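Reading the structure
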Amino acid sequence: MQILGRTTRIDFLGRRRIAAVVSGLLMLVSLVSLLAQGLVLGLDFTGGTLIEVAYPRPVELSEVRQRLAGGGLGDVVVQHFGTARDVLIRVAPREGLASADVSTRVLELLQEEGGGPAMRRVEFVGPQVGEELAEKGGLAMLYALIGILLYVAFRFEYRFALGAVAALVHDVLITLGFFSVFRIEVDLTVLAAVLAVIGYSLNDTIVVFDRIRENFRKMRRGSALEVMNASINQTISRTLMTSLTTLLVLVALFAFGGEIIHGFALALIVGIVVGTYSSIFIASPAALALGVSRSDLVAPKREEAADDRP
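Every value quoted in this text rests on a predicted model; they were computed, and no experiment measured them. (Residues numbered from 1 in each chain as written. Predicted model: local features only at pLDDT ≥ 70, side-chain atom pairs only at ≥ 80, totals over all residues. Heavy atoms only, no water.)

Some words on the overall build of the chain
Here is the rule we go by: Comment: elements are numbered from the N terminus, with helices defined as DSSP H or I runs of at least four residues and strands as E runs of at least two. With C-alpha atoms as the basis for the radius of gyration, the globule rule is written as 2.2 Å multiplied by the number of residues raised to the power 0.38. Relative accessibility thresholds used throughout: buried, under 20% of the residue-type maximum; exposed, over 50%; partly exposed, between the two (1.4 Å probe, protein chains only). We call two residues in contact whenever any of their non-hydrogen atoms come within 4.5 Å of each other. Exposure was quantified through the Shrake-Rupley algorithm and a 1.4 Å probe, taking into account, for residues, occlusion by the shown protein chains and nothing else.
The number of helices and strands found in the chain is eleven helices and six strands. The C-alpha atoms of the chain give a radius of gyration of 26 Å, which is well past the 19 Å a tight globule of 310 residues would have. Counting only C-alpha atoms, the chain reaches 105 × 40 × 40 Å along its principal axes. In the chain, buried positions account for 44% of the 310 residues. Nonlocal contacts in the chain, meaning residues at least 24 apart in sequence, comprise 78% of its contacts between residues at least 6 apart. About 16600 Å² of surface is accessible on the chain, with carbon and sulfur atoms providing 61% of the total.

Below, the structure is given as structure tokens:
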């Protein structure tokens, strides 16, 4: 399906320096924000108290949040668990307040006006568990990048691998920077979304790299820049169509999926926008800047054996 006409002749790589400046500024802002104020880590990483309660009737989450808001409990996450009568409440650790006191306080707040819920279970997630999750999450991201580097180097050429990893680091840094700048909470669902962004962005990049390799074999007279430009133009409709249809789903998920899934949907929305941009303006220009050429992807023709017969 074409959305930009049959053929486009946009000079994407001619604008690579402008794109480099834009990306550099975005990455600088993200890096400064991450170093200066860090991320707002959710209960999955900081630890806290998990409380499950059961109401005698279906209850609105906004009503539960309103009752807990004035209790001085700080960061509280409320979500349905199973049915509309079961509610899961997660409370961030509070200095000087034991886990048992937190669960008692929550139950008191919910039962103030009568018809309150019954306690089903209380669990405490310690800071050590939270630190372990953060460490393993970071390692998962690092292993994913190393695996991608090896895979692209094996399938294409090491300069393409470096270009792909540069694009992925660009995507992850800007996505996390977005959450840091706007002080949006990061939990395990956001981490899962960031890993999904790595896979999505790499898929787009591999499609462009495949076309570049194919065109190096077909276009015998073009320079590396011309071949890459032609390849990006030939895949741009597919790239945009895939991104737009995915974004439609994610926007619907963000708008109607409930508060608990906002972070996940938002991370994917930001990551896919940035990933689409990087597959066009970061990955291929990085490989070009590293000096990739036709001879790196096309095997030289064999010279015919000299006929030395008399």
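Topic: the confidence of the model for the chain
Defined as follows: For every residue, the pLDDT score states the predictor's confidence, bounded by 0 at the bottom and 100 at the top.
The predicted model of the chain has a mean per-residue pLDDT of 82, with 90% of residues at 70 or higher. Here helix α11 (residues 294–297) stands out as the least confident element of the chain, with mean pLDDT 73; helix α1 (residues 16–36) is the most confident, with 94. Every residue in residues 304–308 is under pLDDT 50, and counting partners more than four places away or in other chains gives zero contacts.

What about the sheet that holds strand β3 (residues 76–81)?
Which entries qualify depends on this criterion: By definition, two strands form a pair when at least two bridges between them are found by DSSP. Axes here mean lines fitted to C-alpha atoms, for a helix over just the part in contact, with angles spanning 0 to 180 degrees between N-to-C directions.
Reading across from one edge, β3-β4-β2-β5 is the order of the four strands in this open sheet, with antiparallel pairing throughout. The sheet is open, and its two borders are formed by β3 and β5 (118–125), each paired with just one other strand. If you compare each strand with its neighbour and ignore which way they point, the axes differ by 20 degrees on average. Docked against the sheet, helix α3 (residues 61–69) engages β3 and β4 (83–91), running at close to 150 degrees with respect to β3.

Considerations on the packing of helix α7 (residues 188–218) against helix α9 (residues 262–281)
Going by this rule: Orientation labels follow simple angle bins: below 35 degrees gives roughly parallel, above 145 gives roughly antiparallel, 65 to 115 gives roughly perpendicular, and whatever is left gives oblique. Handedness of a crossing is defined here by the sense of rotation of the near helix relative to the far one, left-handed for an anticlockwise turn of less than a right angle and right-handed for a clockwise turn. We call Asp, Glu, Lys and Arg charged. Ala, Val, Leu, Ile, Met, Phe, Trp, Tyr, Cys and Pro are nonpolar, and the rest, Gly among them, are polar.
Where α7 meets α9, the axes come as close as 8 Å, and the angle between the chain directions of the two elements is 25 degrees. Regarding the angle of α7 to α9, the classification is roughly parallel. Crossing handedness for the pair α7 and α9: right-handed. Residues Thr189, Val190, Ala193, Ala196, Val197, Tyr200, Ser201, Asp204, Thr205 and Val208 of α7 form the contact with α9, whose own contacting residues are Gly263, Phe264, Ala267, Leu268, Gly271, Ile272, Gly275, Thr276, Ser278 and Ser279. Per-class residue counts for the contact of α7 with α9 are ten nonpolar, nine polar and one charged.

Some words on the packing of α1 against helix α6 (residues 158–181)
Their axes nearest at 8 Å, the elements α1 and α6 cross at an angle of 50 degrees. Classified by the interaxial angle, the pair formed by α1 and α6 is oblique. Relative to α6, the crossing made by α1 is left-handed. Contacts between α1 and α6 involve Ser23, Leu26, Met27, Val29, Ser30, Leu31, Ser33 and Leu34 from the former and His170, Leu173, Ile174, Leu176, Gly177, Ser180 and Val181 from the latter. In terms of residue class, the contact of α1 with α6 is built from nine nonpolar, six polar and no charged.

Some thoughts on unusual backbone geometry
Excluding glycine, a negative phi dihedral is what most residues carry, and trans is how most peptide bonds are arranged. Positive phi values are uncommon outside glycine, yet Arg183 reaches one of about 55 degrees. Turning to its location among the elements, Arg183 is positioned in the loop between α6 and β6 (185–186).

Section: the packing of aromatic side chains
For any pair of aromatic rings, geometry is given as the distance between the ring centres together with the angle between the planes. Which entries qualify depends on this criterion: The pairing test for Phe, Tyr and Trp rings, Trp by its six-membered ring, is centres within 6.5 Å, and the orientation test on the planes gives stacked under 30 degrees, edge-to-face over 60, and tilted for anything in between.
Scanning the model with the defined rule gives five aromatic pairs in all. Aromatic pair Phe160 and Phe209: ring centres 4.5 Å apart, planes at 65 degrees, arrangement edge-to-face. Residue Phe160 is found in helix α6, and its partner Phe209 is found in helix α7; the two are separated by 49 residues along the sequence. Of the two residues, Phe160 and Phe209, both sit in the buried class. With centroids separated by 5.4 Å and ring planes inclined at 35 degrees, the aromatic side chains of Tyr277 and Phe281 adopt a geometry described as tilted. With a gap of four residues between them, Tyr277 and Phe281 both fall in helix α9, about one helical turn apart. We classify Tyr277 as partly exposed; its relative accessible area is 22%. Within the aromatic cluster, the residues linked to one another by ring pairs are Phe12, Tyr277 and Phe281.

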